[in-house]
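Observations on the model geometry
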Amino acid sequence: MRGLVWFRRDLRLRDNPALSAACKECREIVPLFVFDEPLLRSHVFGSACVGFMLGCLDELRRSLAGHGLTLAWQTGEPIDTVLRMARDLAVDAVYWNRDYEPVALERDRTIRQRLAQQGRTVRTFKDHVVFEAEEVLGQTGQPFQRYSAYRDRWWIKWRAATPSVLPVPAFPSRHRGSVLDAVAWPSATALGYNPVPLWIEPGEQAAHARLQWFLRGPVHEYVSGRNLPAIEGTSKLSPHLRFGTISARTLVHAALGALSKGGRVSRADVFSWIDELVWREFFQQVLAAFPRVAEGPFKTKPGLPAPRPAGPDRNRLFAAWCQGQTGYPIVDAGMRQLNQTGWMHNRMRMVVASFLVKDLRIDWQSGERHFMQQLVDGDLAANNGNWQWCASRRFRAKSSIPRASTFAAMCRNWLTCRRN
Ligand SMILES: Cc1cc2nc3c(=O)[nH]c(=O)nc-3n(C[C@H](O)[C@H](O)[C@H](O)COP(=O)(O)OP(=O)(O)OC[C@H]3O[C@@H](n4cnc5c(N)ncnc54)[C@H](O)[C@@H]3O)c2cc1C
């Protein structure tokens, strides 16, 4: 059997369910990546995100080459491209790991149907999350709308069905792909983006190195360290999770493993970090269960001030926020860092988001779009969920962490004290 493995948000060899299944079931495999031309043309994402993705792909290409495989790539509209590749390469089966964004779900449904019409097998796998939306439901079978209830059920599920982590698969000995060797790899410029210096190293090896660094150091003081934007107190693994150079399963197992070794790692710190990974899953399940959140507020809460009306005043304030020219040093520092590096610490994201929505009274969706265009880890589910949260649109959680508005107020007070 000949299988096509379509890499998407899973740019790694280790713990990759689609790749592992294809290696087990096929005598020949062809790995493929499709540069989604309409998506790239829309510039929903920016140069930092695309640059990071190219770095990850470059490493994946080299890793596959080490096993005698050539990563085929195409630029185009994904549905037609995958169907054409499947036909031209006469593959029997197509493998991919699932994606839960509304547009991706629709795309995958169409491809699946059309591949079936061509008589090809389609095999899809859970990968991007530890548990998919339907696996963590309330007692009545409804998706959770409150984080704390979701987290409690998530842990029950983890204990009942702890997922395993797959090794790098044994690759089949016969490969196709050498015919594609001659095709040069595209650059950021060729894709319509500026080449930007990457301040987080891309690729699977770098993701594992980053995890080890984090488990050796910052996780020991995560509960307090995560609140301080000036220090390296968090893992900075979000771009890696975004492009799947490491799996969420690997991270949870590694964190629990560090705890089981004893030593100076505290339960509170480790569980607080895993809590963040569960937030990530929560927002993924919200997007999967309520895809309308991508278009508008999850809940309309009475009493929230109306956004500033459209007009020159609103545009001037929004431009000042985007450029880091508001005159509020902490907001401007965050926005300038975002624009220059594609990165911003979580607490700073909360400050600038809260400032945009609650102080400048500008609609949160404008901020959400700007973040997506700048962030190296831009991810629809996490970005949308957090913007809705900062704009008080939903998701109560039992937590000792200050809410975004409280945190912004704390920062403003701090600045006022310093000025006086
Ligand atoms: C307005 C706003 C927009 C955001 N947009 C994004 C985005 O587009 N992509 C993105 O990955 N994160 C987003 N976040 C969440 C969070 O800021 C980042 O995930 C975090 O800063 C990544 O840093 P880290 O990897 O060092 O996190 P760590 O503190 O080491 O946490 C580990 C992992 O948990 C996940 N995580 C942590 N905090 C959150 C959170 N609040 N929500 C969801 N997942 C979380 C991330 O995958 C992160 O890598 C946003 C937060 C805010 C307030």
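Criteria and cut-off values
Residues numbered from 1 in each chain as written. Predicted model: local features only at pLDDT ≥ 70, side-chain atom pairs only at ≥ 80, totals over all residues. Heavy atoms only, no water. Buried < 20%, exposed > 50% of the residue type's maximum accessible area, 1.4 Å probe, protein only. Helix = DSSP H or I, 4+ residues; strand = E, 2+ residues; numbered from the N terminus. Pairing = 2+ DSSP bridges. Near = heavy atom within 4 Å. Polar contact = N/O pair within 3.5 Å; in protein donor to acceptor, adjacent residues only side chain to side chain. Areas by Shrake-Rupley, 256 points an atom, 1.4 Å probe, with all protein chains shown as cover. Nonpolar A, V, L, I, M, F, W, Y, C, P; charged D, E, K, R; others polar. Phe/Tyr/Trp six-rings, centres within 6.5 Å; stacked < 30°, edge-to-face > 60°.

Here the focus is the pairing of strand β4 (residues 93-97). Of all 5 residues in β4, 5 are buried; the element is thus mostly enclosed. Taking every second residue as pointing to the same face, both faces of β4 are buried, with A93, Y95 and N97 on one and V94 and W96 on the other. As defined by bridge partners, strand β1 (residues 2-7) adjoins β4 across 3 bridges and the pair is classed as parallel. Note that in β4 the partner of G3 across the bridge is A93. By the bridge criterion, 5 bridges tie β4 to strand β5 (residues 121-125) in an arrangement that is parallel.

This part takes up the site of the ligand. Taken together, 27 residues form the shell around the ligand, and within it Y222, T234, S235, K236 and N346 come nearest. In the environment of the ligand, an oxygen atom lies 3.0 Å from a nitrogen or oxygen atom belonging to the backbone of S238. A distance of 2.9 Å separates an oxygen atom of the ligand from a polar atom in the side chain of W273. In the complex, 96% of the free accessible area of the ligand, which totals 830 Å², lies under the protein chains. For the shell around the ligand, the secondary-structure elements that each account for two or more residues are α9 (238-243), α11 (267-289), α14 (346-359) and α16 (380-390). Residues that form the shell around the ligand fall into these classes: 14 nonpolar, 7 polar and 6 charged.

This brings us to the environment of D10. Residue position: D10 is located in the loop between β1 and α1 (17-25). Through-space distance from the C-alpha of D10 to that of L241 is 8.6 Å; in sequence the pair is 231 residues apart.

It is worth spelling out the packing of aromatic side chains at this point. Tallying each qualifying case throughout the model produces 29 aromatic pairs. Aromatic pair W213 and F214: ring centres 6.4 Å apart, planes at 45°, arrangement tilted. Taking relative accessible area as the criterion, W213 reaches 28% and is therefore assigned partly exposed. Residue classification places F214 among the buried positions, given a relative accessible area of 0%. The interplanar angle of 45° and the centroid separation of 4.8 Å between the aromatic rings of F214 and W273 together place this pair among those described as tilted. Remark: W273 occurs in helix α11 and F214 occurs in helix α7 (residues 204-216); sequence separation between them is 59 residues. Judged by its relative accessible area of 4%, W273 falls in the buried class.

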